[in-house]
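Examining the three-dimensional arrangement
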Amino acid sequence: GESVGLHLPTLSVQEGDNSIINCAYSNSASDYFIWYKQESGKGPQFIIDIRSNMDKRQGQRVTVLLNKTVKHLSLQIAATQPGDSAVYFCAENGGANSKLTFGKGITLSVRP
Amino acid sequence: ETGVTQTPRHLVMGMTNKKSLKCEQHLGHNAMYWYKQSAKKPLELMFVYNFKEQTENNSVPSRFSPECPNSSHLFLHLHTLQPEDSALYLCASSPRIGNQPQHFGDGTRLSIL
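The sections below set out a description of the structure shown in this document. Here the structure is a predicted model, which means the values were calculated and not measured.

Here the focus is the overall build of chain A. Scanning chain A for helices and strands turns up 0 helices and 11 strands. Secondary structure of chain A in N-to-C order comes out as β-β-β-β-β-β-β-β-β-β-β. The C-alpha atoms of chain A give 13 Å as radius of gyration, which agrees with the globular expectation for 112 residues (13 Å, within 12%). Dimensions of chain A, computed from the C-alpha atoms along their principal axes, are close to 40 × 25 × 20 Å. Evaluated residue by residue, chain A yields a buried proportion of 42% over its 112 residues. Summarising the internal contacts of chain A: among those between residues at least 6 apart in sequence, 52% fall at separations of at least 24. As displayed, chain A has an accessible area near 5500 Å², and 47% of this comes from carbon and sulfur atoms. Computed over 11 positive and 9 negative side-chain charges, the separation of the two mean positions in chain A equals 2 Å.

Right under this line is the structure:
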């Protein structure tokens, strides 16, 4: 069936390094993708989104890359900080009236 | 502050109790959502409301009953829940249904005894 998944359950990076979190999706009809960050005791927080007519979008310290050929989405965080430690989720939407489908999440741990 | 407020933050109830979860959004959005978040599982969509009308019930058991009196408020009424219903219940809103970011509250941590 269609699914959204994350390659690794945890990622540990050194403070100041760049982080790359990857996500695979299988619904070729998906045309909208979102990354969320969830800190302990809080709800998911919107980070950045991208539509299928783009392959790259940049925000403040974050970049999302979309490769539709291999159905792959990644989130790059520049100069990772301790405050970036959280669980990150990718989500996809299969169309204008479709619901968001979420991946399981990956834990990012930043070493001081 | 996300603009989506959920109360209570924590709730412990017995299986025979009746309680309600409340969500209020101050973002002027027209779509609201209930999600269930269990450990090590993806977020599960439960209900969707668009302009106060329910547009999706994702095969949720009838012991969960949503109510949306207006576009700013969403309730989840609970009765005769089961232990497996213990989870974090998240409310979200978006300007409209479709390819829009959803903004989440911090959830209600529900424990069923």
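Estimated volume of the largest pocket: approximately 390 Å³. Gln38(A), Val87(A), Phe89(A), Gln37(B) and Lys40(B) are, among the 20 residues lining the largest pocket, the residues nearest its centre. Per-element tally for the lining of the largest pocket: the top contributor is strand β9 (residues 86-93) of chain A, with 3 residues. Across the lining of the largest pocket, the residue classes break down as 7 nonpolar, 7 polar and 6 charged.

All right, on to the pattern of salt bridges then. For the coordinates displayed, the defined rule picks out 5 salt bridges over all chains. With a shortest N-O distance of 2.9 Å, Asp84(A) and Arg61(A) are connected by a salt bridge. Taken together, the residues span a long stretch of sequence, with Asp84(A) in the loop between β8 (72-77) and β9 and Arg61(A) in the loop between β6 (56-58) and β7 (62-67) at a distance of 23 residues. The class of Asp84(A) is buried, set by a relative accessible area of 7%. For Arg61(A), a relative accessible area of 31% corresponds to the partly exposed category. Put simply, Glu56(B) and Lys99(A) hold a salt bridge, and the shortest N to O gap is 3.4 Å. Of this pair, Glu56(B) sits in strand β6 (residues 53-57) while Lys99(A) sits in the loop between β9 and β10 (100-102), on two different chains. Overall, the relative accessible area of 23% leaves Glu56(B) in the partly exposed class. Judged by its relative accessible area of 35%, Lys99(A) falls in the partly exposed class.

Applying the stated criterion across every chain yields a total of 2 disulfides over all chains. Disulfide pairing is shown between Cys23(A) and Cys90(A); the S-S distance is 1.8 Å. Here the disulfide of Cys23(A) and Cys90(A) is right-handed, its torsion about the S-S bond being about 50°. Highlighted residues: Cys23(A) in strand β3 (residues 19-25) and Cys90(A) in strand β9, separated in sequence by 67 residues. Assessed through its relative accessible area of 2%, Cys23(A) is described here as buried. Residue classification places Cys90(A) among the buried positions, given a relative accessible area of 1%. Through a disulfide, Cys23(B) is tied to Cys91(B); the S-S separation comes to 1.9 Å. Taking the sign of the S-S torsion, -75° for the link of Cys23(B) and Cys91(B), the bridge is left-handed. Linking Cys23(B) in strand β3 (residues 18-25) with Cys91(B) in strand β9 (residues 87-94), this pair joins segments that are 68 residues apart in sequence. The residues Cys23(B) and Cys91(B) share a single accessibility class, namely buried.

What follows covers the pairing of strand β2 (residues 10-14) of chain A. Residue and element names in this part refer to chain A. By the alternation rule, side chains of β2 split into Leu11 and Val13, which are all buried, and Thr10, Ser12 and Gln14, of which none is buried. Sheet topology note: the β2/strand β11 (residues 106-111) ladder contains 5 bridges and is parallel. Note that in β11 the partner of Val13 across the bridge is Val110.

What follows concerns the packing of aromatic side chains. In total, this model carries 9 aromatic pairs over all chains according to the counting rule given. Seen in terms of ring centroids, Tyr36(A) and Phe46(A) are 6.4 Å apart; in terms of plane orientation they differ by 75°. Their pairing is edge-to-face. With a gap of 10 residues between them, Tyr36(A) in strand β4 (residues 32-38) and Phe46(A) in strand β5 (residues 45-51) connect regions that are remote in the sequence. Judged by relative accessible area, Tyr36(A) falls into the buried class, the value being 0%. Here a set of aromatic residues connected by ring pairs shows up, and it is made of Tyr36(A), Phe46(A), Phe102(A), Tyr33(B), Tyr35(B) and Phe104(B).

Basis of the calculations
Residues numbered from 1 in each chain as written. Chains lettered and ligands numbered in written order. Predicted model: local features only at pLDDT ≥ 70, side-chain atom pairs only at ≥ 80, totals over all residues. Heavy atoms only, no water. Helix = DSSP H or I, 4+ residues; strand = E, 2+ residues; numbered from the N terminus. Rg over C-alpha atoms; globule rule 2.2 N^0.38 Å. Buried < 20%, exposed > 50% of the residue type's maximum accessible area, 1.4 Å probe, protein only. Contact = heavy atoms within 4.5 Å. Areas by Shrake-Rupley, 256 points an atom, 1.4 Å probe, with all protein chains shown as cover. Lys, Arg positive; Asp, Glu negative; His and termini not counted. Charge placed at Lys NZ, Arg CZ, Asp CG, Glu CD. 1 Å grid on protein atoms, 1.4 Å probe; cavity = no way out; pocket = protein on both sides within 12 Å on 5 of 7 lines; lining within 4 Å. Points joined across faces, edges and corners; volume = space filled by probe spheres on them. Nonpolar A, V, L, I, M, F, W, Y, C, P; charged D, E, K, R; others polar. Salt bridge = Lys/Arg side-chain N within 4 Å of Asp/Glu carboxyl O. Disulfide = S-S within 2.5 Å. Pairing = 2+ DSSP bridges. Phe/Tyr/Trp six-rings, centres within 6.5 Å; stacked < 30°, edge-to-face > 60°.

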